[in-house]
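Architecture and fold: a report
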Amino acid sequence: MTAYYLTTPIFYVNAQPHMGHAYSTVVADAVCRYQRLLGKDVGFQTGTDEHGDKIVHAAADAEVSVKEYVDKISAMFKAAWPPLAIVPDTFVRTTDPAHMGVVQGVLQQVYDQGDIYFSEYTGLYCKGCEQFLTEKELVDGKCPDHLTEPAKISEQNYFFRMSKYQEWLIDHITKHPEFITPERYRNEVLSFLKEPLEDLCISRPTTRLTWGIPLPFDNRFVTYVWFDALINYLSGLDYPASPDFARYWPVAEHVIAKDILKPHAIYWPTMLKAMGIEPYQRLHVHGYWNMNETKMSKSLGNVVRPGELVAEFGADSVRYFLLREMSFGLDAGFSKEALMARHNSDLTNDLGNLFSRSLTMVKNFAASVVPQPCTPSAQDQELAEAALAMLGHYREHLDHFAFHRALSAVWEVISRANKYIVSTQPWELAKDPQQAAQLGTVLYTLLETLRLITLTLHPIMPETAAKMAEALGVAGETSLNDCGVWGRLMPGRAITPGAQLFPRLQQETKDKPQPPKNKTMNEPATEKTPSQKPAPEAEGLISFDAFQNLELRVAEIVAAEKIAKSDRLLKLTVKAPEERTIVAGIAQHYQPEELVGRQVIIVANLKPAKLMGVASHGMVLAAKEGDRLVLSAVSGPVANGSRVA
Ligand SMILES: [Zn+2]
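Basis of the calculations
Residues numbered from 1 in each chain as written. Predicted model: local features only at pLDDT ≥ 70, side-chain atom pairs only at ≥ 80, totals over all residues. Heavy atoms only, no water. Helix = DSSP H or I, 4+ residues; strand = E, 2+ residues; numbered from the N terminus. Rg over C-alpha atoms; globule rule 2.2 N^0.38 Å. Buried < 20%, exposed > 50% of the residue type's maximum accessible area, 1.4 Å probe, protein only. Contact = heavy atoms within 4.5 Å. Areas by Shrake-Rupley, 256 points an atom, 1.4 Å probe, with all protein chains shown as cover. Lys, Arg positive; Asp, Glu negative; His and termini not counted. Charge placed at Lys NZ, Arg CZ, Asp CG, Glu CD. Phe/Tyr/Trp six-rings, centres within 6.5 Å; stacked < 30°, edge-to-face > 60°. Lys NZ or Arg CZ within 6 Å of the ring centre and 35° of its normal. Pairing = 2+ DSSP bridges. Expected span 1.5 Å × (residues − 1). Arc of directions from axis to C-beta. Core = buried A, V, L, I, M, F, W, Y, C linked by side-chain atoms within 4.5 Å. Axes fitted to C-alpha atoms, helices over the stretch in contact; angles between N-to-C directions. Parallel < 35°, antiparallel > 145°, perpendicular 65-115°, else oblique. Left-handed = near helix turned anticlockwise from the far one by under 90°. Nonpolar A, V, L, I, M, F, W, Y, C, P; charged D, E, K, R; others polar. Salt bridge = Lys/Arg side-chain N within 4 Å of Asp/Glu carboxyl O. pLDDT = per-residue confidence, 0-100.

Let's talk about the overall build of the chain
A tally of helices and strands in the chain yields 20 helices and 26 strands. Over its C-alpha atoms the chain spans a radius of gyration of 29 Å, differing by no more than 12% from the 26 Å that the globule rule assigns to 645 residues. In terms of overall dimensions, the chain has C-alpha extents of about 90 × 75 × 40 Å along its principal axes. Expressed as a percentage of its 645 residues, the buried residues of the chain come to 50%. Look at the contacts in the chain between residues 6 or more apart in sequence, and 74% of them connect residues 24 or more apart. Here the chain displays about 30,200 Å² of accessible surface, and carbon together with sulfur accounts for 52% of that area. Of the charged side chains in the chain, 64 are positive and 75 negative, and the gap between their average positions amounts to 3 Å.

Okay, here's the thing in structure tokens:
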């Protein structure tokens, strides 16, 4: 069996999972699922990067031990993937003893052969940060956090002789056009390699940093960053002796975001070369998701939490959007409006309608049984050929990570099939017994087209595809080679109509007002159109839009504590479903210990505010009756983060 191995980067645990992380991981999951449809033996690896001074500082800010801190954030990453239907086979943590052992083994080997040496490192050091900063990190020559100029200092450190492998690397990239893809990143790397490559500083003295892997040949130093992190791709395969390494490394590919191109395209292959290991097969580099033209990151306030989106749109809808909207390699804009629009038009309208119309017709006109096709007309033939051709395009595009193209090819067939229903008019054919054979052929053609569409959706929207396959009576038939042919559906087999694939979601934008749902008999029968001006609002009443702007969510309290010097305030940690801190004025009404485990309703989109020095992100709703205060609740358990409307 041919093997396939794909990794995401290991994510740095100085922040909670955000959309950028989710994108890399959805991409890897979709590709791994696709490779499984091709019948390959697939391994899929992700994990967390947990060493370095930034982690030490983040733990200090959070007032917990470094170990507690990395355990907590790493667990958040691990927990973030199942709700997105992401199923990794291996999750590496760089603080795992097994990983640390592999790193030390590699260091010793490369040191023994003379490719690691001791020398002087000169860099720009910020005393406030207690770390070296790169030129790129400075703003107007100053540390952006401390607004002071870093000092140029020198210290003794160990270096990896990277320069030695520069010519080899240029040659390798030149001879392997797909080694770094898309091509723009390959060109970027080749142009960088026109300058002489410097050796790589790979250590930090323990006088400054102890949270790292000790160098096996000098315990006054710990390993610095890349010589630790990159080796996860080997330690995840239990390098060097395991059969997994022998099986998967020769076919290994990596997915990364463009900010870590240099370490993956230059440091990593030269490290592997020094170790005497063949480099990875392909490096797939993607761009950033932008919001308001800025890169999404935790330092800016514009973080969209993947869990929130899943609670609102469902995993499949989010996966589809991420893969359809971004052209792999380029940046793309993210907005909830765009996600909503794709959900409603591509999924609910195009795919959902095709599926439910077709199956309803088979139910009504063919007693829910796959009909016997007869000689196809030109129209039937055309749709069948388009569906088969689509499979070819789909494979070609997915092989090259062109998800948006693959999906656009699938949706072209969906749109053709919808038009085919309009032009063949099966409901008219059903009226005339003479046309029974023709009707059977039309319905069969629709079912076969849907079956092939379903096949392509397994990697992209696993839950939806499983539902469709179930309804079509082809659950578990997912081999692209065996099932990607026309005419596999056996006449006489039962189908199960009725499944709704996607609920239609309401627009929430200000400029598209929704008519109120509960009309009374007194209201005029005509619907308000968006172009009409809304009626002047009565005093004290808010519009439906204004209400919709309020983001109410169900949140579970997972921790609660008193805030020192305040007899009124409690600091709550809630999951909605991402964790956030909310300060609530309920200390006189509730003991912290009775709150944990409760689900309450919060205002999730309130501007953050500081109360007694604690930043509060939202507000917990409670009812007030005289001096009494009673927390809001939902009447039954519901997923954290669910919208309240
Ligand atoms: Zn600083």
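Here the narrative resumes, following the displayed structure.
Some points on the packing of aromatic side chains
Enumeration over the complete set of coordinates arrives at 30 aromatic pairs. Measuring from ring centre to ring centre gives 4.5 Å for Phe179 and Tyr280, while their planes differ by 5 degrees; the resulting arrangement is stacked. One end of the pair, Phe179, is in the loop between helix H5 (166–175) and strand E7 (180–181); the other, Tyr280, is in the loop between helix H10 (261–275) and strand E13 (282–286), with 101 residues separating them in the sequence. When its relative accessible area of 1% is taken as the criterion, Phe179 is described as buried. Classification of Tyr280 as buried rests on a relative accessible area of 1%. Taken together, a centroid distance of 4.8 Å and an interplanar angle of 40 degrees make the contact between Tyr320 and Trp411 tilted. Taken together, the residues span a long stretch of sequence, with Tyr320 in helix H12 (residues 315–325) and Trp411 in helix H15 (residues 403–424) at a distance of 91 residues. Cluster of aromatic residues (ring-pair linked, three or more members): Tyr111, Phe118, Tyr158, Phe217 and Phe221. Just above the ring of Tyr121 sits the side chain of Arg204; from NZ or CZ to the centre is 5.4 Å. Here the guanidinium or amino end of Arg204 rests over the ring plane of Tyr224, the centre of that ring lying 3.8 Å away.

Observations regarding the sheet that holds strand E11 (residues 218–223)
Two strands in a sheet stick together by hydrogen bonds in their backbones, pointing the same way (parallel) or opposite ways (antiparallel). The three strands lie next to each other as E9-E11-E10, forming an open sheet whose pairing is antiparallel. Edge positions in the sheet fall to strand E9 (203–205) and strand E10 (214–215), since each has one partner strand and no second.

Brief notes about helix H3 (residues 66–80)
Taking 1.5 Å as the rise per residue, H3 with 15 residues should run 21 Å; its terminal C-alpha atoms sit 21 Å apart, in good agreement. Listing the buried residues of H3 in full gives Val66, Tyr69, Val70, Ile73, Ser74, Met76, Phe77 and Ala80. Down the axis of H3, the sector holding all buried residues measures 150 degrees, keeping them to one side. In this structure, the buried residues of H3 make contact with strand E1 (3–12), helix H1 (19–37), strand E2 (41–49), helix H2 (53–61), strand E3 (90–93) and strand E19 (579–584).

Overview of the environment of Gln379
As for its placement among the helices and strands, Gln379 is situated in helix H14 (residues 378–399). Of the residues examined, Gln379 reaches a relative accessible area of 34% and is grouped as partly exposed. Separated by 44 residues in sequence, Gln379 and Ser423 have C-alpha atoms that sit 9.1 Å apart. Beyond its immediate chain neighbours, meaning those up to four positions away, Gln379 contacts Tyr420, Ser423 and Thr424.

Examining the nonpolar core
Most often, soluble globular proteins have nonpolar side chains that are buried together. Counting residues in each nonpolar core, the largest one holds 104 residues, and the members touching the most others are Phe334, Leu351 and Trp411. Judged by nonpolar contacts, the second largest core, of 52 residues, contains Ile173, Ile180, Val189 and Ile231.

Looking at the packing of helix H13 (residues 336–366) against H15
Packing of H13 against H15 leaves a shortest axis separation of 10 Å and a crossing angle of 45 degrees. The angle between H13 and H15 places the two elements in the oblique class. As H13 runs across H15, the sense of the crossing is left-handed. Counted together, Asp346, Leu347, Asp350, Leu351, Asn353, Leu354, Arg357, Ser358 and Met361 of H13 and Trp411, Ile414, Ala417, Asn418, Ile421 and Val422 of H15 form the full contact between these two elements. For the contact of H13 with H15, a count of residues per class yields nine nonpolar, three polar and three charged.

A closer look at the pattern of salt bridges
Scanning the model with the defined rule gives 30 salt bridges in all. Among the salt bridges present, the one from Asp89 reaches Arg36, with a minimum N-O distance of 3.1 Å. With Asp89 in the loop between H3 and E3 and Arg36 in helix H1, this pair connects stretches of sequence that are 53 residues apart. The partly exposed category is assigned to Asp89, whose relative accessible area is 45%. Here Lys54 makes a salt bridge to Glu137, at a shortest N to O gap of 3.7 Å.

Things to note about the confidence of the model for the chain
On average, residues of the chain carry a pLDDT of 90, and 93% of them reach 70 or more. Predicted confidence is poor over residues 293–301, with pLDDT under 50, and the contacts of this stretch with residues over four places away or in other chains come to 22 contacts. Confidence drops under a pLDDT of 50 for residues 509–537, and excluding neighbours within four residues, the segment shows 19 contacts in the predicted structure.

Focus: the sheet that holds E7
Sheet architecture is open: six strands sit in the order E3-E2-E1-E12-E13-E7, paired in parallel fashion. Looking at the sheet topology across the chains shown, the edges are occupied by E3 and E7.

Regarding unusual backbone geometry
In this model, Tyr239 is joined to Pro240 through a cis peptide bond whose omega is 5 degrees. Along the chain, Pro240 falls in the loop between helix H8 (232–235) and helix H9 (243–248). Residue Pro577 is bonded to the preceding Ala576 through a cis peptide linkage, with omega at -10 degrees. Notably, Ala85 is not glycine yet its phi reads approximately 60 degrees, a positive angle.

Details of the side chain of His264
Mapped onto the elements of the fold, His264 is located in helix H10. Residues within four places of His264 in sequence aside, it is in contact with Trp226, Leu230, Tyr233, Ile256, Pro269, Tyr280 and Leu283.

Quick notes on the pairing of strand E6 (residues 151–160)
Here 10 bridges tie strand E4 (residues 116–126) to E6, and the two strands are oriented antiparallel to one another. Bridge pairing links Gly123 to Ile153 in E6.

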